[in-house]
Amino acid sequence: MAAGGAWSAGDPVGRRHFADVGTLTLEARGALPDVTVAYETWGTLNAARDNAVLVLHALTGDSHVSGPATSGHPTAGWWDALVGPGRALDTDQWFVVAPNVLGGCQGTTGPASPAPDGRAWGSRFPFLTVRDQVAAEARLADRLGIDSWASVIGGSMGGMRVLEWAVTYPDRLRSAVVLASTAYATAEQIAWCEPQLLAIRADAQWAGGDYHELDGPGPVAGLGIARRIAHVTYRSELELAERFGRSAQGDEQPIGGSGRYAVESYLDHHADKLHRRFDAGSYVVLTEAMNSHDVGRGRSGVQQALGRVTCDLYVASVDSDRLYPPRLSEEIVAAVPTARPLLTVSSPYGHDGFLIETSQVGEVVRRSLASARVSAP
Ligand SMILES: CC(=O)SCCNC(=O)CCNC(=O)[C@H](O)C(C)(C)COP(=O)(O)OP(=O)(O)OC[C@H]1O[C@@H](n2cnc3c(N)ncnc32)[C@H](O)[C@@H]1OP(=O)(O)O
Ligand SMILES: N[C@@H](CCO)C(=O)O
């Protein structure tokens, strides 16, 4: 990419693989040609090809579930504690696959990728739904020769894709884990996204979505505002109160001075970090895809759709999650015939608890894998 701020698609070498999955016919309209899916794997696929586990990341995640920070990944794997020998996703037993989502910006085709004419897709990138993203992941499974996943696991936006997998391809997964997620985007979730989308599109550097080919920083300010809004929703009111209170950041005072509150500084920090690792165009495409999420669309409603699920389903909510409140997980459990009783991750951190509370999340993952049938180690 030419501009777009300091964001980089990362080290093209690293440990990622790239699968060409062809042209995807999209749910809303049109098609996306020449789709590439970037993915990482851990462990070994067994001879029966039935020990594979699919891990699906959330909004700003990527394929780097586990491993140290690299030149391409400024932070260590987002579930590093869960993957490896003896860990919940025990790589002595399981073959773990993690793709970057369709529309993303870490190797999988997205708005910053070159279109057939060689220029970045930018504003020409088509509207995606969660179903399109899952269709791309199913193509990846085909390419890897994996007919049936032992488990499909994800939180938040990743959990949306897990549910779509379970509803669309009930024969292709034996168990599933849906963390801090929902069967449909609620009015409030869509409402929180609206000012985020407006902030990015109001940034003069957005250039109608075609900033990738321009000189300049790209819509860094707009993306930063979007991240600040989103990040507040990812944490709990009590955590922010106890952690930051009314403290000032440093010696300068916010009242009558030029200082900032500590919580403002914290949000500034997260905004600054995001634009270095994430493309604003992807943020828009993925946010609109999340807003589209409704497993019941065209399937006679949510209850009917969830009634199609046949895998062993584990649903967990975070008790302090104000963005994906536990009632949304309760609705899934009530409607899925094969759902286990709702599990609760106890955390002061809110929605981000699904990323932070790796010990509790690991237990949920262990349970799902214990119920997955495998031919051989
Ligand atoms: C599946 C996926 O979606 S993966 C994508 C999710 N990952 C990310 O988005 C990476 C960005 N980080 C986050 O979203 C969250 O921090 C999490 C969930 C990953 C981790 O949460 P926590 O461990 O609780 O980290 P926390 O939110 O407290 O942030 C810590 C950072 O804030 C900084 N910080 C804390 N207080 C302040 C302050 N007053 N002023 C400025 N910075 C501050 C810390 O120095 C630390 O910086 P660093 O991350 O550069 O080391
Ligand atoms: N921190 C997570 C929250 C969204 O679920 C992310 O950035 O993807």
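Naming follows an unreviewed UniProt entry, where the chain appears as Homoserine O-acetyltransferase of Angustibacter luteus. Quoted verbatim from the Subcellular location (unreviewed entry) heading of the UniProt record, the comment on the chain is "Cytoplasm".

Draft legend 1. Here's a closer look at the environment of Trp121. With respect to the element layout, Trp121 can be found in the loop between β4 (95–99) and α1 (130–144). Overall, the relative accessible area of 10% leaves Trp121 in the buried class. The spacing of Trp121 and Glu213 is 92 residues in sequence and 9.7 Å in space, taken between C-alpha atoms. Contact partners of Trp121, with chain neighbours within four places excluded, come to Leu32, Pro33, Thr109, Gly110, Pro111, Ser113, Pro114, Ala115, Pro116, Pro126 and Asp210.

Draft legend 2. Spatial organisation of unusual backbone geometry. Even without a glycine there, the phi angle at Ala180 is positive, about 45°. Looking at where Ala180 falls in the secondary structure, it is placed in the loop between β6 (175–179) and α3 (187–202). For Ala180, a relative accessible area of 0% corresponds to the buried category. Not every positive phi belongs to a glycine, and Ser300 is a case in point at roughly 65°. As for its placement among the helices and strands, Ser300 is situated in the loop between α7 (280–292) and α8 (302–306). In this structure Ser300 comes out as exposed when scored by relative accessible area, which is 67%.

Draft legend 3. Quick peek at the domain arrangement of the chain. Domain parsing of the chain yields domain 1 (17–185 + 295–370) and domain 2 (189–288). Summarising the inter-unit geometry, the C-alpha centres of domain 1 and domain 2 are found 25 Å apart. Taken together, the contact pairs 37 residues of domain 1 with 30 residues of domain 2. Together, Leu59, Thr60 and Arg322 form the three largest contributors to the area buried by domain 1 at its contact with domain 2, with a combined 25%. Residue Arg235 pairs with Asp352 through a salt bridge whose shortest N-O separation is 3.2 Å. Summed over the shared surface of domain 1 and domain 2, the result is 14 residue pairs in polar contact (both at pLDDT 80 or more). Tallied by class, residues from the side of domain 1 that touches domain 2 come to 21 nonpolar, 13 polar and three charged.

Draft legend 4. Here's a closer look at helix α4 (residues 220–234). Compared with the 21 Å implied by 1.5 Å per residue over 15 residues, the 20 Å span of α4 between its first and last C-alpha is a close match. Of all the residues in α4, the buried ones are Gly222, Leu223, Gly224, Ala226, Arg227, Ala230, His231, Thr233 and Tyr234. In this structure, the buried side of α4 is in contact with α3, α6 (262–277) and α7.

Draft legend 5. Representation of the UniProt feature "active site" (unreviewed entry) in the chain. Listed under "active site" (unreviewed entry) in the UniProt record, and renumbered for this structure, are Ser156, Asp321 and His351. Sequence-wise these annotated residues cover 196 residues; spatially they are packed, their C-alpha atoms never more than 10.8 Å apart. With respect to the element layout, Ser156 can be found in the loop between β5 (151–155) and α2 (157–168). Apart from the residues within four sequence positions on either side, Ser156 is in contact with Ala58, Leu179, Ala180, Ser181, Tyr324, His351 and Phe354. Residue placement: Asp321 occurs in the loop between β7 (312–318) and α9 (326–335).

About the criteria used
Residues numbered from 1 in each chain as written. Chains lettered and ligands numbered in written order. Predicted model: local features only at pLDDT ≥ 70, side-chain atom pairs only at ≥ 80, totals over all residues. Heavy atoms only, no water. UniProt positions renumbered as here; feature names shortened; annotations may be inferred. Helix = DSSP H or I, 4+ residues; strand = E, 2+ residues; numbered from the N terminus. Buried < 20%, exposed > 50% of the residue type's maximum accessible area, 1.4 Å probe, protein only. Contact = heavy atoms within 4.5 Å. Domains from an automatic or database assignment. Buried area = accessible area lost by both parts, 1.4 Å probe. Salt bridge = Lys/Arg side-chain N within 4 Å of Asp/Glu carboxyl O. Polar contact = N/O pair within 3.5 Å; in protein donor to acceptor, adjacent residues only side chain to side chain. Nonpolar A, V, L, I, M, F, W, Y, C, P; charged D, E, K, R; others polar. Expected span 1.5 Å × (residues − 1).

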